[in-house]
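Examining the three-dimensional arrangement
Spelled out, the chains give:
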Amino acid sequence: MPLTMLRPGSQARVAEVRPHGHGMVQRLASLGILRGTELSVLQGDAGGALIVRIGETRLVLGRGMAHRVFVESSVS
Amino acid sequence: MNEASQNGAPAAPGAILAALAGNPNSGKTTVFNNLTGARQHVGNYPGVTVEKKEGHFRHGGRDVHVIDLPGTYSLTAYTPEEAVARNVIIEERPAVVVDIVDASNLERNLYLTTQLMELEAPLVLVLNMSDVARQRGHAIDVKRLSALFNVRIVETVGHRSEGMDQLKDAILEVAAGAAAFSPAPLHYGDDIERELAALTAVVGREGADTTTCRPRWVALKLLENDEVVRAQASARMSQPQADALMAAVRAARDRLAAKLGDDAEILIADRRYGFISGACQEAVKTTVESRHSTSDRIDMVMTHRVLSIPIFLAMMYAVFKLTFTLGEPPMGWIEALFGWLGGVVAGGWAPGSESLLKSLLVDGIIGGVGGVIVFLPNILLLFLAIAILEDSGYMARAAFIMDRFMHQLGLHGKSFIPLLIGFGCTVPAIMATRTLETRRDRLITMLVAPLISCGARLPIYALIIPAFFPAAWHARMLWIIYLIGIGLAVVCARLLGRTLFRGESTPFVMELPPYRWPTLKGIAIHMWERGQLYLRKAGTIILGVSVIMWALATFPRKQTFEHDHEAQVAAVAVLVLDDAEKGRRVAEIEQARQAEELAYTIAGRIGHALEPVLAPLGFDWRIGTGLIGAFAAKEVFVAQMGIVFALGEAGQDSTALREKLRANYTPLQAFCIMLFCLVSAPCMATIAVTRRESNSWKWALFQLGGLTALAYVLTLIVFQVGCLLGLGAR
């Protein structure tokens, strides 16, 4: 499911980053989001951007970006 | 823009060139400030508006010239910052690349390091904020990490200036070619390595330009589908050679995709992180589980879905309060200083012997430049507030909070900040668009920024509203004008986004840095850098245009007047009146003479010539002349109206001027004047700064023409419809 479906407080693992436009996958990778990344959603409600935490990094992801990051539930 | 980088502090002959690389928020700027102190120079890289910061220091008898590369997360060429950082390393071949890494967020920061290693740059790795890392329970085995990366490592605490001498030593050591360290490119696994080896051979054979970078790196970038490297590699090739190379690249990417099930760039990124996490497992012991930090707890409130909005509004209110309240006294001093200066210069001429030179110096240059410098306190304070918000980390939160609203405009959260600054002054607002990542967002924001009613337009409203509208409506009218501006900015942004700048707003992603106490030094440098840019660039252009505006309002000079003013003055002198009354009458005659003079000048004639065009808007030649003045700076309109109505230098509080206006115009016309001033031709400083920030006259002129046309059409509609509705009556 897309990252936008996650509620604040939940954790997940990135399953796939669906490319959109040139370099988006690489851009996300450089910020630490790629297949296998464990992340948790800190803030975000319907319509706006999300704040996610990846290790020590906190990122704001716009809706459009978050729609293209697909996650699966992590069992860690 | 070339001159900016070339006249930058030149490296002394024999100096060591060191480039600072690192992620944004890694404390790179602090390290740069510590290394170079005040010996800094800020310019622009040619062709792009990425700031180029340089400085130097002396250590161990050697001069070291330091380039602070823009903060980047990686070295692709998709953002101007990354392209610039990469080009400097490739083209200027620094003797040392200092990679500053946030030790408390090691893995993500080392991603850039792996790419610097791919470039085979002589590296010094700086583990900055090592105190925070320890606090968070990360124990880094520096020796082990150094061996794994085969790189010289220095630990520092930037904000306490710890480790700077060791860093300087390391720079000299690596520049001298310490053989013990030679970072080697990573190993990407057999499948990728095989394709890489084959492509490297093709790159060599087909004669790609590898004078500045190694064939293996070129091959790697081609495999990653890097457009810039592709263009550069094929630049020196014949068409068949380039085709052969590209065919080889495509075949290699296809084979990798078939075998490993992913695009090569994803596979390569995977390998880089694989290498990093392997190294970190060996060299870093984490005793404390990663948990919610203090920053996260602050964010629970600051980015809370309900609380965040009032907190945000309070912050913005504080910024404005600071800018305008604290800015007022120094503005007064600067005005007084320029007034005094004008008086001193004018005193050089005996009464009656006034020459053109005096008028040029006093009215043109001192008046014009003073009119710009007077905003400096405001601008410095605004930049101070912004520097505090940025350095503390709040600005990134503000972008998050405003994202939803800005989305309606087809922009994202970050564009909000420049527009907000626009309420103060459009010039720094346009400069603040630098923080936006894509050219599309930058241009849209830049083009609509003048619609946000700036501080210089306030005197116009302050003059007109009380003259025409009942007291109960004063505040409401002002609100309406501001809201019209905001509304138009929204409409124009959406319109531009759907026409000229088609395409979705680029996906938005931004790091939220942890909250930090800003350092005094950091803020001071931040503020001064921008203030200085405003002074230097906008200042020079404004000086030039001030002289032109002065000339327009001075030439041609009227030799014979319709009324013999001197005779009138002489007549007053012999009348039996008290001195005060005589003085008043003489002043009136003098003002009438000035009005006659102005009508005769080019500005006055342009005003007259424009009258047929402006008449449908309800404007006469006097307003036309005022609008020409408004192009120099919006508030000049008020002074210009004072002169055309023969009231001398009138201010916004002038009751006499208000009476004249009320006698000559209707409330509908008054509203049209405000509307036109709000929307029309941004002032010349705005045009100049748009030209510089967009790097083309095209957009600056488009802004000028587009907004003026919009103002004309809107005012035309309002006036004509207003007249039809019978609002045109006095």
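Conventions adopted
- Residues numbered from 1 in each chain as written.
- Chains lettered and ligands numbered in written order.
- Predicted model: local features only at pLDDT ≥ 70, side-chain atom pairs only at ≥ 80, totals over all residues.
- Helix = DSSP H or I, 4+ residues; strand = E, 2+ residues; numbered from the N terminus.
- Buried ≥ 20, exposed ≤ 12 C-beta atoms within 10 Å, placed from the backbone.
- Contact = placed C-beta atoms within 7 Å.
- Pairing = 2+ DSSP bridges.
- Axes fitted to C-alpha atoms, helices over the stretch in contact; angles between N-to-C directions.
- Left-handed = near helix turned anticlockwise from the far one by under 90°.
- Domains from an automatic or database assignment.
- Core = buried A, V, L, I, M, F, W, Y, C linked by C-beta atoms within 7 Å.
- Parallel < 35°, antiparallel > 145°, perpendicular 65-115°, else oblique.
- Nonpolar A, V, L, I, M, F, W, Y, C, P; charged D, E, K, R; others polar.
- Expected span 1.5 Å × (residues − 1).
- Arc of directions from axis to C-beta.
- pLDDT = per-residue confidence, 0-100.

Let us now look at the overall build of chain B. Summing up its helical and strand segments, chain B has 32 helices and ten strands in all. In chain B, which comprises 730 residues, the proportion classed as buried is 45%. Of the contacts made within chain B by residues no fewer than 6 positions apart, 72% connect residues no fewer than 24 positions apart.

Before going further, it helps to spend a moment on the interface of chain B and chain A. Taken together, the contacts link 33 residues of chain B with 30 residues of chain A. Elements supplying a minimum of two residues to the side of chain B that touches chain A: α4 (106-118), α12 (264-283), α13 (294-302), α17 (394-407) and β10 (509-511) of chain B. Two elements, strand β4 (residues 57-61) of chain A and β10 of chain B, share three bridges in a ladder whose sense is antiparallel. Across the sheet, Leu 61 of chain A pairs through a bridge with Val 509 of chain B, a residue of β10 of chain B.

What follows concerns the packing of helix α20 (residues 439-448) of chain B against helix α22 (residues 474-498) of chain B. Residues and elements named next belong to chain B. As a packed pair, α20 and α22 sit with axes 9 Å apart at the nearest point and diverge in direction by 145 degrees. Read as a crossing pair, α20 and α22 show a hand that is right-handed. Counting all contacts with α20, which are made through Ile 444, Leu 447 and Val 448, the residues of α22 involved are Ala 489, Cys 492, Ala 493, Leu 496 and Gly 497.

A word on the domain arrangement of chain B. All names here are of chain B. Domain annotation of chain B identifies domain 1 (2-175), domain 2 (190-278) and domain 3 (558-594). Domain 1 and domain 2 are separated by 27 Å when their C-alpha centres are compared. Contact residues are listed per partner, giving twelve residues for domain 1 and 13 residues for domain 2. Taken together, the elements giving at least two residues each to the side of domain 1 that touches domain 2 come down to α3 (80-92) and α4. Top element by residues in the side of domain 1 that touches domain 2 is α4. It accounts for five residues.

Another aspect to go through is the nonpolar core. Soluble globular proteins tend to bury their nonpolar side chains together. Ranked by size, the top nonpolar core spans 210 residues in total, and within it Val 60 of chain A together with Val 98 and Met 674 of chain B carry the most contacts. Top contributing element to this core by residue count: helix α30 (residues 667-679) of chain B, with eleven residues. Both domains that furnish three or more residues to this core are identified here as domain 1 (2-175) and domain 2 (190-278) of chain B. Other than its neighbours up to four places away in sequence, Met 674 of chain B contacts Ile 460, Tyr 461, Ile 464 and Ile 481 of chain B.

Residues and elements named next belong to chain B. Following both chains from N to C, one finds helix α8 (residues 190-205) and helix α9 (residues 215-223) inclined at 115 degrees, their axes separated by 8 Å at the closest point. Taken together, the axis directions place α8 and α9 in an arrangement best described as roughly perpendicular. Of the two elements, α8 crosses α9, and the hand of that crossing is right-handed. Across the interface between the two elements, Glu 195, Leu 196, Leu 199, Thr 200, Val 203 and Gly 204 from α8 touch Pro 215, Arg 216, Val 218, Ala 219, Leu 220, Leu 222 and Leu 223 from α9. Across the contact of α8 with α9, the residue classes tally to nine nonpolar, two polar and two charged.

Here we take up the sheet that holds strand β5 (residues 69-72) of chain A. Ordered by their spatial adjacency, six strands build an open sheet running β5(A)-β1(A)-β2(A)-β3(A)-β4(A)-β10(B), and the pairing between neighbours is antiparallel. This sheet does not close on itself; its edge strands, each paired only once, are β5 of chain A together with β10 of chain B. The mean inter-strand angle of the sheet, taken between neighbouring strand axes irrespective of direction, is 40 degrees. As defined by bridge partners, strand β1 (residues 11-17) of chain A adjoins strand β2 (residues 38-43) of chain A across three bridges and the pair is classed as antiparallel. Paired with Ala 12 of chain A across the bridge in β2 of chain A is Leu 39 of chain A.

Moving on, we come to the pairing of β1 of chain A. Relative to β5 of chain A, β1 of chain A runs antiparallel, the two sharing four bridges. Pairing of Arg 13 of chain A across the sheet is with Glu 72 of chain A, part of β5 of chain A.

With that settled, consider unusual backbone geometry. Residue and element names in this part refer to chain B. Non-glycine residue Asn 25 carries a positive phi angle of around 70 degrees. Looking at Asn 25, the number of C-beta atoms within 10 Å reads 20, which means it is buried. Even without being glycine, Glu 120 reaches a positive phi, approximately 55 degrees. Tracing the backbone shows Glu 120 in the loop between α4 and β6 (123-128). The exposure class of Glu 120 is partly exposed, given the 15 C-beta atoms found within 10 Å.

A separate point is the environment of Gly 626 of chain B. Within the element layout of this structure, Gly 626 of chain B appears in helix α27 (residues 621-632). It is 16 Å that separates the C-alpha atoms of Gly 626 of chain B and Phe 555 of chain B, two residues lying 71 residues apart in sequence.

What follows concerns helix α7 (residues 164-175) of chain B. An α-helical segment advances 3.6 residues per turn. Residues three or four places apart therefore align on the same side. Residues and elements named next belong to chain B. For α7, built from twelve residues, the straight-helix expectation of 16 Å at 1.5 Å per residue is met to within 8% by its first-to-last C-alpha distance of 16 Å. Buried within α7 are the following residues: Leu 167, Ala 170, Ile 171 and Val 174. Projected onto a plane normal to the axis of α7, the buried residues spread over an arc of 105 degrees and lie on a single side. Against the buried residues of α7 lie β1 (16-22), β4 (62-68), β5 (96-102), β6 and β8 (152-155). Where α7 terminates, the next one or two residues include Gly 177, which has phi positive at roughly 85 degrees.

Residues and elements named next belong to chain B. With 90% of its residues at a pLDDT of at least 70, chain B reaches an overall mean of 83. Taken together, the stretch residues 1-9 has pLDDT below 50 and engages in 19 contacts with residues farther than four places along the chain or on a different chain. Per the prediction output, this complex has pTM 0.77; the corresponding ipTM is 0.92.

What follows concerns α27 of chain B. Its twelve residues place the ends of α27 of chain B 18 Å apart at the C-alpha level, agreeing with the 16 Å of an ideal helix rising 1.5 Å per residue. The element α27 of chain B is largely enclosed, with a buried count of eleven among its twelve residues.

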